[in-house]
Amino acid sequence: MSSAPDLDLDHVAKLARLALTPAEKASFSQQLGDVLHHIEQLAKVDVTGIEPTAHAFPVVNVWADDVARPGLPVEAALRNAPAQRDHMIVVPKVVE
Amino acid sequence: MAVDLFFKSIAELAALLEAKTLSSTELTSALIARKSAVEGRVKAFNSSDDADALAQAAASDARRAAGQARGPLDGIPVGLKDVISVSGQPLTASSKMLANFVSPYDATVTVNLKRAGAVVWGRLNCDEFAMGSSTENSAFGPTANPWDLTRVPGGSSGGSAAALAAGEVIAALGSDTGGSIRQPAALCGVVGLKPTYGLVSRYGLVAFASSLDQIGPFARTVEDAALMLGAIAGHDPLDSTSFKAEIPDYRAGLKQRRPWRLGIPKEYFGAGLDPAVGAAVEKAIAFYKSQGCEIKEVSLPHTQYCLDTYYIIATAEASSNLARFDGIRYGHRAKGAKDVVDLYAQSRAEGFGAEVKRRIILGTYVLSSGYYDAYYLRAQKVRTLIRQDFLNAYREVDALLTPTSPMPAFKLGEKSDPLALYLCDIYTIGVNLAGLPALSVPCGFTPGGLPIGLQLIGQPFREADLLAMAHTYEQAHDWHTRHPQL
């Protein structure tokens, strides 16, 4: 089947912060090539003067009252953290 | 022959509970026993907390004894797709990424069900992050179709549909982004309703594509679906896309009978439609005609572009939503990463399955610099045209009748090519793009004994009409009284 000439998998995977194996690259290239080939028919639709739809029923200016509410206790918020210490999430060093 | 307790409807069981000839503890125990008997073959559950369910049942019985029962859902065990948060219970989205995640809070629909007295029980299997049409993409293995264990239950909410069809729950919730409630409902022979976008709060739902996702009920009967929808619908300040719509009494509305004008979109009856499915839907159309409904052929000319539009918009939104799974605050974290960017990339590589990765890649691509206008922006414009097609049709008709799925349940492993699987959704995805309500109601069986679903697509926020139309059909047929042999 087709593979997408425009789809630079290495570049897109880097943007997506997703490490791919060589086997994944090979299969995704072919499978996404098929999907992109299918999607190309959208180019045939005349969309001149058509506004884009982001939501079927757009709602704007949804405000919440500026009132303090109880939030999650720290223990509950950190319950699913992969690594924690002293009520903080432990991450690899990001600044030298 | 007496109907087994676990195959009864909410309405029937509510009457027994009300009469005190049955307790919620007895009902819940019967379902736990039923699950033990069939779950090894159906595999609809990712996990369940039976002790917690029995405690909720005991609390319901105590309320009732004190004269404080809360209505028809009080004491009824309801299963939730494993993408809907229940405080203190696992929430995996059927992904290795969230294998050990425990919800710190309840979704709004969970709060609403608990408030109605339901026994919220069971984490039901689905495609990983609700991405798929067969429940084969689950990190915990596929669910089987109770009507034929060698076949898929549909997806992505396949566990919800299969658990209900197998008599393991009395009703269930799923989520529908492109057909993920309606298609499995059709393939498992139960009722499935996708509400209008904004009718039901998405707070506490694991996000897939935020402009398309809606939570909705699975039920044995249309009346039960009406009861479930009434419990979960309504404005929620925690979901800014939730609508301030009036919530009618959907159950009372079932009695309305009108000579509805029903549209048959010709694009939904073309090549690729299984003949047995087509014949069953034609019979259902003939039934409505016999009831005095006006049947009118209509056209939704942009139907052929729905699939492509959907796969651009849904994957774009998914790539953005799933960026939060980076191994930092929660979810799977890879060991031995050399820096923080490597930690993101490795954690995501290890935590996500193949279909999720494909969709993240596609979504990232269509949003990336140089391709945004050609793909994403163009898809959003075509989405406008697709939505206008439906609104134009509604000038002439009250609702549309179509097959829910082009084919009945297919074999596990039969559709290994992603594009072939995407084509299962051709009759359901337009509804999500247009934000409309739609439901699937059983309308027959194939010669091989597989269930077939009829889809009714309604006007925005007119679920009451849709339920009344489906109820009219259901009451004149007995498909919903048949159950799989397990």
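Residues numbered from 1 in each chain as written. Chains lettered and ligands numbered in written order. Predicted model: local features only at pLDDT ≥ 70, side-chain atom pairs only at ≥ 80, totals over all residues.

1. Examining the overall build of chain A
Secondary structure assignment for chain A yields 3 helices and 2 strands. In chain A, the order of α-helices and β-strands from amino to carboxyl end is α-α-α-β-β. Along the first, second and third principal axes, the C-alpha set of chain A runs to 55 × 40 × 25 Å. A burial count over chain A gives 15% of its 96 residues as buried. (Helix = DSSP H or I, 4+ residues; strand = E, 2+ residues; numbered from the N terminus. Buried ≥ 20, exposed ≤ 12 C-beta atoms within 10 Å, placed from the backbone.)

2. Structural notes on the interface of chain B and chain A
Listed by partner, the interface residues are 56 residues for chain B and 42 residues for chain A. Those elements that place two or more of their residues in the side of chain B that touches chain A are α10 (306–321), α11 (340–351), α12 (354–367), α13 (373–393) and α14 (418–422) of chain B. Ranked by the residues each element gives to the side of chain B that touches chain A, the list is headed by α13 of chain B, at 10 residues. Partitioning the side of chain B that touches chain A into residue classes produces 31 nonpolar, 13 polar and 12 charged. (Contact = placed C-beta atoms within 7 Å. Nonpolar A, V, L, I, M, F, W, Y, C, P; charged D, E, K, R; others polar.)

3. Quick look at unusual backbone geometry
Among all residues save glycine, negative phi is the norm, and among peptide bonds the norm is trans. Cis geometry is adopted by the peptide bond preceding Ser156 of chain B, which originates at Gly155 of chain B and carries an omega value of 10 degrees. Mapping Ser156 of chain B onto the fold places it in the loop between β3 (119–124) and α5 (158–165). Despite not being glycine, Asp86 of chain A has its phi angle at roughly 50 degrees, a positive value. Position of Asp86 of chain A among the secondary structure elements: in the loop between β1 (84–85) and β2 (88–89). Residue Asp86 of chain A is classed as exposed on the basis of its 5 C-beta neighbours within 10 Å. Despite not being glycine, Ala93 of chain B shows a phi value in the positive range, around 55 degrees. Secondary-structure assignment places Ala93 of chain B in the loop between β2 (77–81) and α4 (108–115).

4. Some thoughts on the sheet that holds strand β11 (residues 451–457) of chain B
All names here are of chain B. Spatially, β1-β3-β2-β4-β6-β5-β10-β11-β9-β7-β8 is the arrangement adopted by the 11 strands of the open sheet, whose pairing is mixed. What marks the edges here is a single partner per strand, and that holds for β1 (45–47) and β8 (294–298). Each strand of the sheet is rotated relative to its neighbour by a mean of 35 degrees, with strand direction disregarded. Where β2 lies against β3, 4 bridges are found, and the strand directions are parallel. (Pairing = 2+ DSSP bridges. Axes fitted to C-alpha atoms, helices over the stretch in contact; angles between N-to-C directions.)

5. Remarks on the pairing of strand β5 (residues 191–194) of chain B
Residue and element names in this part refer to chain B. By the alternation rule, side chains of β5 split into Val191 and Leu193 and Gly192 and Lys194, which are all buried. Here β5 pairs with strand β10 (residues 438–445) via 3 bridges, running antiparallel. Bridging across to β10, Lys194 finds its partner in Ala438.

6. Remarks on the nonpolar core
Formed by 168 residues in total, the largest nonpolar core has its most connected members in Val78 and Ala171 of chain B. The contacts of Ala171 of chain B, once residues within four sequence positions are left out, are Ile10, Ile76, Val78, Leu164, Pro217, Phe218, Ala219, Asp224 and Met228 of chain B. (Core = buried A, V, L, I, M, F, W, Y, C linked by C-beta atoms within 7 Å.)

7. Section: the packing of helix α2 (residues 22–39) of chain A against α10 of chain B
At a minimum axis separation of 9 Å, α2 of chain A and α10 of chain B run at an interaxial angle of 125 degrees. Between α2 of chain A and α10 of chain B, the angle is such that the two are oblique. For the pair α2 of chain A and α10 of chain B, the crossing hand works out as left-handed. Packed against α2 of chain A, whose contacting residues are Val35, His38 and Ile39 of chain A, the element α10 of chain B presents Asp308, Tyr311 and Ile312 of chain B at the interface. Looking at the contact of α2 of chain A with α10 of chain B residue by residue, the class counts come to 4 nonpolar, 1 polar and 1 charged. (Parallel < 35°, antiparallel > 145°, perpendicular 65-115°, else oblique. Left-handed = near helix turned anticlockwise from the far one by under 90°.)

8. Considering the pairing of β2 of chain B
Residues and elements named next belong to chain B. The element β2 is largely enclosed, with a buried count of 5 among its 5 residues. Burial along β2 is two-sided: the residues Pro77, Gly79 and Lys81 and Val78 and Leu80 are all buried. Chirality of the crossover, the property in question, places the unit of β2, α4 and β3 among those that are right-handed. Pairing of β2 with strand β4 (residues 171–176) involves 3 bridges; the strand directions are parallel. (Right-handed = clockwise from strand over helix to strand, strands pointing away.)

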